[in-house]
Amino acid sequence: MIDIKKLRETPELYKTACQQKGCGVDVDELLRLDARQLQLKRELQEIATEKNQTGKAIAKMKDADQRDQAIERMAQLKNQEKALTDEVAQLEPQLHELLLNMPLPVHPDAPVGPDESGNVEVRRWGKVREFDFEPKDHITLGTNLGIVDMERGVKMSGARNYLLKGDGALLHQAVLRLAHEQMVAKGFEPLTVPVLTREETFLGTGWFPEGRSQVYEVPRDELFLVGTAEVPVTSLHMNEILDEADLPKKYVAQSLCFRREAGAAGKDTYGLYRIHQFEKVEQVIVCKNDLDEAEKWHQHILQNSEELMQMLELPYRVLEICTGDMGMAKYRMYDIETYMPSRQGYCETHSASNLLDFQTRRLNLRYRDEDRKVHYCISMNNTVVASPRILIPLMELYQEADGTITIPVALRPYMQGKEKITAH
RNA sequence: GGAGGAGUGGCCGAGUGGUUUAAGGCGACGGUCUUGAAAACCGUUGAACCGUAAGGUUCCGGGGGUUCGAAUCCCUCCUCCUCCGCCA
C-alpha cells in the first residue's frame, strides 16, 4: 500500500512507477475518486457534528413540541447521511482496489527495464567448475545414489512432488541447519512460525491479491499455506506500535513453504527446481523509516546470504533486479543466482527485497520515535537458503566421476563428519 | 467436538440507554522540592482522518442491527479462559 498523501502531492512519481514496472492503475482515476471520497467524508463529518449536538440537546428538552422537532431534524440528517454513506460504500472498494494495485516507486539507482533482460549483474563470486568427465544432473545422481525419489513423490502427491532419502534427507537438513545457525550467530532472533495463516497476513505482506493463485487454500478453516516464512514473520507485529528503541527487529525463521506454481505448467518440470513444497530459512528485518538505514540493512541481508554461499563454496552471481521484473511492492531488489551445471547457467536461489513501508502500511505495523511520533516501519527480507533447490548446484558441482558426491566441508559437521555420499 | 464464561486506553479496572468530555488506580514522562536520589505534591500521558487554524469526526475485540441517542440492548464473527472428550 502506498501513501495516498504522497500520491496527491506527487502523482507524477507514481505515474512513472506504473510505467517503469509495467503494472499499476490509472493514477488520474484514482485521484478523482480520492477527491470525491474526501468531499463526501467532509460532508458526513458535518452531519455527524449536528447529529451529536442535536442528540445531546434532546436529552435535556422538556418541551414536547421542541423535542418532536429535534427528532424530526435527526431523521432528516439520517437520510442525508444514508445517501452519502451509500455513495462512499460504492466508492470505497473501487478506491481500495486501485490503491492496493498502485506500485511503489523505486530506488533512484534501480535499473529501469521491461523484464528480466534489464537486470544488471552486480558481481560474481567463485569459479564454475570445469569437468574432466561428463557430469550428471542432480536427478540422475540422486536416483543412482538412492537419495532422491521423484517417482514415489509423484505417486503420492502428483507432479512437482518428491522425496529425499538417507543422505539426501540429511544433506537437506544440513544446509538448513548451517544456514540457521549462521543467522543466529549473527544476532538474528530465531522464530518458529505458523505456516497456515489468515488472509490478512497475505494481504498485509502483498501476496494477495496478486499472488492468490499461487497459494494453497484451506477453505474450511479460512486459512492459507504460506509460500514463505516472510508472510508470518513480517506479519508478526501487525497492528502494533513498536518502540523505536526495540528496532531493528532481526528475525530468522525456518519453515516449510508451499507453492501451487499455477501458470508455470510445462516450465522447469524437471527435477528439484520448481516444486510444490520446500523448506527455507528466511531472514526478515523490520527497521525504522529511514532510507539510509534501510539501505544499510538491505545490503546486510544480501551479504549474509552471500557469506553462506561462500561457506558452501558455490559459485554465484548477484543481480540487481530492474523495475519491470521486481514487482509492484518492491523498492529495491537483488537476486542471488547460483550456477547449476544441468541448467547450464546461473539460476535464482535467493531474493533480497527492500519494500520500504509498502507492507507495513498494509499490516498497520508502526513504531513510536523519541518524540513520541508514530511512523510506519520499513520491512525487508531475503532467503538465507532454500532447499532442495540449493541441492541442485550442491550435488551437481560436488559430484565425482564415479557418481559419488563429496560433501562440502562446511556441511560435514551436520552429517556425522561424513565426507562422501556413496550408493549402498 | 460438547457445555459454560469473558473481551473497555501501555497495564489493571469502573461503567446495564442521555451530566462519560470513558471514573479511579498502576506504569511512563515532565515539573516542584533535594547536593543527588527516593518519597510527597502538581501536571502530562492512545490512534486515524478532515481543517491554514480554532476546532471537528471516528474508534470501548471485528462487522451488522435496534433507538432521536449505544461501551451499555439484539444478531453474527473473532479471540481468550474454565470444565468434559480426543490427542503428539
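Going along each chain's sequence as written, the residues are numbered from 1 onward. Written order decides the labels, with chains lettered from A and ligands numbered from 1. In keeping with the model being predicted, local features are shown solely for residues with a pLDDT of at least 70 and side-chain atom pairs are shown and tallied solely at 80 or more, while totals for entire chains, interfaces and linings include all residues. Computation of side-chain values covers all heavy atoms of the structure but excludes hydrogens and water.

Let us now look at the domain arrangement of chain A. Entries for chain A in the domain assignment read domain 1 (4-100) and domain 2 (116-421). By definition, residues are in contact when any of their heavy atoms lie within 4.5 Å. With four residues of domain 1 at the interface, the matching set in domain 2 holds nine residues. The term buried area refers to how much accessible surface (probe radius 1.4 Å) is lost by two components on association, counted for both of them together. For the pairing of domain 1 and domain 2, the buried interface totals around 600 Å² over both sides, and the portion due to carbon and sulfur atoms is 53%. Three residues, Gln20, Lys21 and Leu100, lead the burial of domain 1 against domain 2; their summed loss comes to 84% of the area buried on that side. As used in this structure description, the phrase polar contact means that two N or O atoms lie within 3.5 Å; if the pair is within protein, one of them must be able to donate a hydrogen and the other to accept it, and residues adjacent in sequence are counted only when both atoms belong to side chains. Counting the contacts that link domain 1 with domain 2 gives six residue pairs in polar contact (both at pLDDT 80 or more). Class assignment for the residues of the side of domain 1 that touches domain 2 results in two nonpolar, one polar and one charged. Reported domain spans reflect what an automatic or database domain assignment gives. Gly counts as polar in this scheme, as do all residues outside two lists: the nonpolar Ala, Val, Leu, Ile, Met, Phe, Trp, Tyr, Cys and Pro, and the charged Asp, Glu, Lys and Arg.

The subject of this paragraph is the protein's contact with RNA strand B. Close to RNA strand B lie 20 residues, the nearest being Gln45, Thr49, Met74, Lys78 and Arg198. To be near a molecule or strand, a residue needs just one of its heavy atoms within 4 Å of it. Considering RNA strand B, the proportion of its atoms within 4 Å of the protein that are sugar or phosphate atoms stands at 75%. One of the side-chain N or O atoms of Arg8 is found 3.3 Å from a phosphate oxygen in RNA strand B. Within the side chain of Lys78, a nitrogen or oxygen atom sits 2.9 Å from a phosphate oxygen of RNA strand B. Listed by contribution, the elements that provide at least two residues to the surface near RNA strand B are helix H1 (4-9), helix H3 (27-60), helix H4 (64-100) and strand E14 (366-368). Examining the composition of the surface near RNA strand B, we find that 10 residues originate from one element, H3, more than from any other. Each residue belonging to the surface near RNA strand B can be placed in one class, and the counts come to seven nonpolar, four polar and nine charged. Helix numbers and strand numbers start at the N terminus; a helix is a DSSP run of H or I with at least 4 residues, a strand a run of E with at least 2.

Membership of the largest hydrophobic core comes to 94 residues, with the highest contact counts inside it found for Leu30, Met102 and Leu411. Looking at this core, the element that brings in the most residues is H4, giving 10 residues. Taken domain by domain, this core gets at least three of its residues from each of domain 1 (4-100) and domain 2 (116-421). The residues contacting Leu30, other than those within four sequence positions of it, are Ile4, Leu7, Val25, Leu95, Leu98, Leu99 and Met102. Within the second largest apolar cluster, 14 residues are counted, among which are Val193, Ala229, Leu247 and Tyr367. In this description, a nonpolar core means a group of buried Ala, Val, Leu, Ile, Met, Phe, Trp, Tyr and Cys residues linked to one another through side-chain atoms lying within 4.5 Å. A simple rule labels every residue: compare its accessible area, found with a 1.4 Å probe on the protein chains alone, to the largest value its type can have, and call it buried under 20%, exposed over 50%, or partly exposed in between.

Along helix H5 (residues 138-145), the residues that are buried comprise His138, Ile139, Leu141, Gly142 and Leu145. Down the axis, H5 shows its buried residues gathered within 165 degrees of arc, on one side only. Close packing links the buried residues of H5 with strand E2 (148-149), helix H6 (150-157), helix H12 (391-397), strand E17 (405-406) and strand E18 (420-421). Here H5 starts with a cap whose side-chain oxygen sits 2.8 Å from the backbone nitrogen of Ile139, and that cap is Asp137. Just past H5, the residue Gly146 takes up positive phi, approximately 75 degrees. Note that the arc is computed from the directions linking the helix axis to the C-beta atoms.

The next subject is the sheet that holds strand E7 (residues 223-225). At least two DSSP bridges between two strands are needed for those strands to be called paired. On the basis of which strands lie adjacent, the open sheet formed by three strands has the order E5-E7-E6 and antiparallel pairing. Of all strands in the sheet, those bounded by a partner on one side alone are strand E5 (196-197) and strand E6 (217-218). As paired elements, E5 and E7 share two bridges and run antiparallel to each other. Within E7, the residue paired with Leu196 across the bridge is Leu225.

Our next topic: the environment of Asp34. Along the chain, the position of Asp34 falls in helix H3. Residue Asp34 is classed as buried on the basis of its relative accessible area, which comes to 5%. Sequence separation between Asp34 and Lys330 is 296 residues, and the spatial gap between their C-alpha atoms is 24 Å. Here Asp34 is in contact with Ile4, Arg8 and Leu95, once residues within four sequence places are set aside. A distance of 2.6 Å separates polar atoms of two side chains, one belonging to Asp34 and the other to Arg8.

Our focus in this paragraph is the environment of Leu91. Mapped onto the secondary structure, Leu91 falls in helix H4. Residue Leu91 is classed as buried on the basis of its relative accessible area, which comes to 9%. Along the chain, Leu91 and Met328 lie 237 residues apart, while their C-alpha atoms are 23 Å from each other. Residues within four places of Leu91 in sequence aside, it is in contact with Leu33, Arg36, Gln37 and Leu40.

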